[in-house]
Amino acid sequence: MKQPNPSRRDLLAAAAGCALSSGGLVRTCAAAAGGHVNRWADTPFLAGVNMAGADFGYVVPGVFGTNYTYPTCEEISYYRGLGFNVIRLPFLWERLQPDLYSDFDAEEWERLRTVLVCALNEGLHVILDPHNNAKRRISADGFSTQHFIGTPEVPTDAFIQFWLELIRRAPSKQVIYGLMNEPVDISAQAWFDIAQACINAIRRTDATNMILAPGTMWTSAHLWRQGGNEIFSDLVDPIGYTAIEVHQYFDGDSSGRTGDAVSPTIGLERIAEFDAWARRNNRKAFLGEFGPSPDPVNLQALEKLLVHISENRDVWIGWTAWAAGPWWPDDFPFKLDYLPSTVIPPQTRVLMDFARKR
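Residues numbered from 1 in each chain as written. Predicted model: local features only at pLDDT ≥ 70, side-chain atom pairs only at ≥ 80, totals over all residues. Heavy atoms only, no water.

A. Molecular detail of the environment of L96. Relative to the elements of secondary structure, L96 occurs in helix α3 (residues 93–96). As a C-alpha pair, L96 and A106 span ten residues in sequence and 8.3 Å in three-dimensional space. If we ignore the near neighbours within four places in the chain, the residues touching L96 are F91, F104, D105, E108, W109, L112, F162 and L166. (Helix = DSSP H or I, 4+ residues; strand = E, 2+ residues; numbered from the N terminus. Contact = heavy atoms within 4.5 Å.)

B. Seen up close, unusual backbone geometry. Here the bond from V60 into P61 is cis, since omega is 0 degrees, no more than 30 degrees from zero. Positionally, P61 belongs in the loop between β1 (46–51) and α2 (73–82). Here L339 and P340 are connected by a cis peptide whose omega angle stands at 5 degrees. Here P340 lies in the loop between β10 (316–324) and α9 (346–356). With a phi angle near 60 degrees, N133 is a residue other than glycine that sits in the positive phi range. Tracing the backbone shows N133 in the loop between β3 (125–130) and β4 (135–136). Even without a glycine there, the phi angle at N282 is positive, about 55 degrees. Tracing the backbone shows N282 in the loop between α7 (266–280) and β9 (285–289). The exposure class of N282 is exposed, given its relative accessible area of 71%. (Buried < 20%, exposed > 50% of the residue type's maximum accessible area, 1.4 Å probe, protein only.)

C. Structural context of the nonpolar core. In this structure, L128, W163, W191, F232, F274 and W319 are the most contacted members of the largest nonpolar core, which totals 99 residues. Of the residues forming this core, the biggest block, nine residues, is contributed by helix α6 (residues 188–203). Counting residues in each nonpolar core, the second largest holds twelve residues, with W40, I127, M210 and L212 among its members. (Core = buried A, V, L, I, M, F, W, Y, C linked by side-chain atoms within 4.5 Å.)

D. Structural detail: the pairing of strand β2 (residues 86–91). Among the six residues of β2, six are classified as buried, and the element is accordingly described as predominantly covered. Side chains of β2 alternate between two faces, with V86, R88 and P90 and I87, L89 and F91 buried alike. Where β1 and β2 come together, three bridges link them in parallel fashion. Within β2, the position partnered with G48 by the bridge is V86. Read from β1 through α2 to β2, the crossover connection turns out right-handed. (Pairing = 2+ DSSP bridges. Right-handed = clockwise from strand over helix to strand, strands pointing away.)

E. Region of the structure containing the pairing of strand β8 (residues 242–247). Within β8, six of the six residues are buried, which leaves it mostly tucked inside the rest of the structure. Going residue by residue along β8, you find T242, I244 and V246 tucked away on one face and A243, E245 and H247 tucked away on the opposite face as well. As judged from the four bridges shared by strand β7 (residues 211–214) and β8, these two strands associate in the parallel manner. Pairing of L212 across the sheet is with A243, part of β8. With four bridges joining them, β8 and β9 adopt parallel strand pairing.

F. Broad picture of the packing of helix α8 (residues 296–311) against α9. Viewed as axis vectors pointing N to C, α8 and α9 meet at an angle of 15 degrees, and their least axial separation amounts to 11 Å. Considered as vectors, α8 and α9 are oriented roughly parallel to each other. In this structure, the crossing between α8 and α9 has a hand that is right-handed. Counting all contacts with α8, which are made through L299, L302, E303, L306, V307 and S310, the residues of α9 involved are P346, Q347, V350, L351 and F354. In the contact of α8 with α9, the residues fall into eight nonpolar, two polar and one charged. (Axes fitted to C-alpha atoms, helices over the stretch in contact; angles between N-to-C directions. Parallel < 35°, antiparallel > 145°, perpendicular 65-115°, else oblique. Left-handed = near helix turned anticlockwise from the far one by under 90°. Nonpolar A, V, L, I, M, F, W, Y, C, P; charged D, E, K, R; others polar.)

G. The arrangement of the state of the cysteines in detail. The tally for this structure, following the rule as stated, stands at one disulfide. Covalently, C73 is tied to C118 through a disulfide, its sulfur atoms 1.7 Å apart. In this pair, C73 sits in helix α2 while C118 sits in helix α4 (residues 106–121), placing the two residues 45 residues apart along the sequence. When its relative accessible area of 14% is taken as the criterion, C118 is described as buried. (Disulfide = S-S within 2.5 Å.)

H. Region of interest: the sheet that holds β10. Judged by pairing direction, the barrel is parallel, and its eight strands sit side by side in the order β1-β2-β3-β6-β7-β8-β9-β10 before closing back on the first. Taking the axes of each pair of neighbouring strands and ignoring which way they run, one obtains an average angle of 25 degrees across the sheet. Pairing geometry for β2 and β3, over six bridges, is parallel. Pairing of L89 across the sheet is with L128, part of β3. Its contacts with the sheet put α6 on β6 (175–178), β7 and β8, and the angle it makes with β7 is roughly 170 degrees.

Quick look at the structure:
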């Protein structure tokens, strides 16, 4: 939806420059002034990590510090120091908004806002990632059952309202709106309709932030066509600033349950079909999850995949590796740090090298 003239809010945001407020987040840098703008030309290549923890726990909503956690400012600063320029922040919708259409939980929002302030002050981009697989639990049944978005229990309008409130609170241009983590067990058509409705609603506001839209079947790159996700060639963003998010792991069943890789070329092989689809349909792509481990074959697969992404920036805008976060046990194959130790795992060193060359 083109606007012939910039809104008053756009002009005020442009005048404000890059700033943070104590009570919330203020749009950073100049907002777009309407008309056709190639926003991708000014978008830096994104290289970063998932900072997991707020998505943890099978108890919903759960107890902070017992069932789940958030990254600290020190942890965020650590990854900034390694050369990364983006974090993906998984969290659960139910915790931030326990009741559909309601206000956000004040304590939970403050936890999330603190992460945003720390990251933005470090100059990082932040991908907000409701880690819900296109469903959520509701207070009406004591959070006992997962209900899909688009059902009477969790209407699409409730999902849209959630996002509109989230973007109202977090409009900084450094914030990227990742619509949903890994939709699964929902048809591509149903999920496409939900994603399109949400994008339309976001763009009816003044928000010109980047959006990431996943496919269904865990948004796995190697299952892109099998899942019916080629329908996303029809996805429309009125300002042309939505990328398609895919995930890809290297183990035998692509689940990321182990750190073993099938072969040194398995990453390239598994993204090939999606890669060709994205180029054919002039779609930007983002690799939101993949599992680098110390396994020697995995390291080879990792390097080959990152080389390909770096050399094909007409399609790929970046990546975030799985996973950082303080609660991963030391034997977790994809653990990216041993904080507070200064030892840097080999897979993190590979990621660092590519991040610093971006």
